[in-house]
Amino acid sequence: MRIGNLDGRLVILTGSGALDVQRASGGRFGADPQAVYDRWDEFTSWAVTQASDGAEPFDPARLGPPAPAPRQSFGIGLNYRDHAAESGLAVPEQPSVFTKFPSCIAGPYGEVVLPAGGHTDWEVELVAVIGPGARHVAEADAWSHVAGLCVGQDLSERITQLAGAAPQFSMSKSFPGFGPTGPWLVTPDEFDDPDDLELGCAINGDQVQKARTSQLIISVPELIAKLSAVLPLWPGDVIFTGTPAGVGLGRDPQRWLAPGDELVSYVEGIGELKQRFVAGPGS
Ligand code: ZN
């Protein structure tokens, strides 16, 4: 199943268009896309009984983030071997966890303002959204706690990241619009193997990242086990699972996103994000 956020309303996406959940359910489920994760099992039991009659064609530009206001939004650093190497850092044995503050979460398409004087970098990532909450979850059970997967970009401003006495991952990755997600949420049962999906991105048509999620050092189920061993994962929380090699920081010469650049990011079996970058005030 695919669900989406159309003009801020929860929809089920079918081959023929979008089915408005509040209207189709006669008000049993509300329109707020974030609220559905609190009743995930009840919602999916109802949703599978729905025919696609009543689904309407839509303009994809109206899509917003599938989980627009998570209570917690996690990022995982250095989770692909080749990216750790290009960053000049050791392969971690434990996940390197930061937060993308929820105010940075954005939809799949649109403009992103480049912070003035910054070095803004791209990081295509698989994003997992939590369905039923998770606490002390075993790795073997972890996929049953995932509502679905979407494409994400962990946009990162590298000057802010390295300013200060210790790296500032959470700050550098939380400028407005720095957490595009979408274009919709695909439930794990839709994939032959949700642990092995191709992902990548291109700038102005030039492919800069390409890998498979089977190369994750700490897999999605392991991440959920390790995170939920420390704190509760709540319904609708999002996890940016890490980026493979090919970011601007690891290039020689280094490369940063510039005004006018178009970044297209994809994950196999899900879809594409498309961001256009514009100069911010003062740049
Ligand atoms: Zn990242």
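Below or above, wherever it landed, is the structure these notes cover. By convention here, each chain's residues receive numbers from 1 onward along its written sequence. Under the rules for a predicted model, residues below a pLDDT of 70 receive no local features and side-chain atom pairs below 80 are neither given nor counted, while totals for whole chains, interfaces and linings still include all residues. Remark: hydrogens and water are excluded; side-chain values derive from all non-hydrogen atoms of the structure.

## Points about the packing of aromatic side chains
Each pair of aromatic rings is reported with the distance of its centres and the angle of its planes.
Next, step 1: Two rings from Phe, Tyr or Trp (for Trp, the six-membered ring) form a pair when their centres sit within 6.5 Å of each other. Planes less than 30 degrees apart are called stacked, planes more than 60 degrees apart edge-to-face, and all others tilted. Counted according to the given criterion, the structure contains seven aromatic pairs.
Next, step 2: Consider the rings of Trp-40 and Phe-43, whose centres lie 5.7 Å apart with planes at 40 degrees: the pair is tilted. Of the two residues, Trp-40 and Phe-43 are both situated in helix α2 (residues 40–47); the distance of three residues between them amounts to about one turn of the helix.
Next, step 3: Exposed residues in this analysis have more than 50% of their type's maximum accessible area, buried residues have under 20%, and partly exposed residues fall in between, with area computed by a 1.4 Å probe over protein chains only. Looking at Trp-40, the relative accessible area reads 6%, which means it is buried.
Next, step 4: Linked through ring pairs, Phe-29, Tyr-37, Trp-40, Phe-43 and Trp-46 together constitute an aromatic cluster.
Next, step 5: A cation sits over an aromatic face here: Lys-100 above Phe-240, 5.4 Å from the ring centre. For helices the rule is a DSSP run of H or I covering at least 4 residues; for strands it is a run of E covering at least 2, with both sets numbered from the N terminus onward. Charge-over-ring contacts are defined here by two conditions on Lys NZ or Arg CZ: a distance within 6 Å of the ring centre and an angle within 35 degrees of the ring normal.

## Thoughts on the nonpolar core
Next, step 1: Residues belong to one nonpolar core when they are buried, are Ala, Val, Leu, Ile, Met, Phe, Trp, Tyr or Cys, and are joined through side-chain atoms within 4.5 Å. One finds Leu-149, Ile-224, Ile-239 and Ile-270 to be the most contacted residues of the largest nonpolar core, which totals 49 residues.
Next, step 2: In this description, contact between two residues means that some pair of their heavy atoms is separated by no more than 4.5 Å. Beyond its immediate stretch of four places on either side in the chain, Ile-224 contacts Ile-130, Ala-134, Val-137, Ala-142, Val-146, Leu-233 and Ile-239.
Next, step 3: Ranked by size, the runner-up nonpolar core spans 23 residues in total, among them Ile-12, Ala-67, Ile-105 and Val-127.

## Structural notes on the coordination of the zinc ion
Next, step 1: As a rule, N, O and S atoms within 2.8 Å of a metal are its donors, except that Na, K and Ca use 3.2 Å; water is not among the atoms, so sites may look incomplete. Of the protein atoms, only Glu-123 (OE), Glu-125 (OE) and Asp-154 (OD) coordinate the zinc ion, at distances of 2.0 to 2.1 Å.
Next, step 2: Read in sequence order, the donor residues coordinating the zinc ion give the pattern E-x1-E-x28-D. With Glu-123 in the loop between β9 (120–121) and β10 (124–130) and Asp-154 in the loop between β11 (146–153) and β12 (156–157), this residue pair connects regions lying 31 residues apart in the sequence. Accessibility classification places Glu-123 together with Asp-154 in one group, the buried group.

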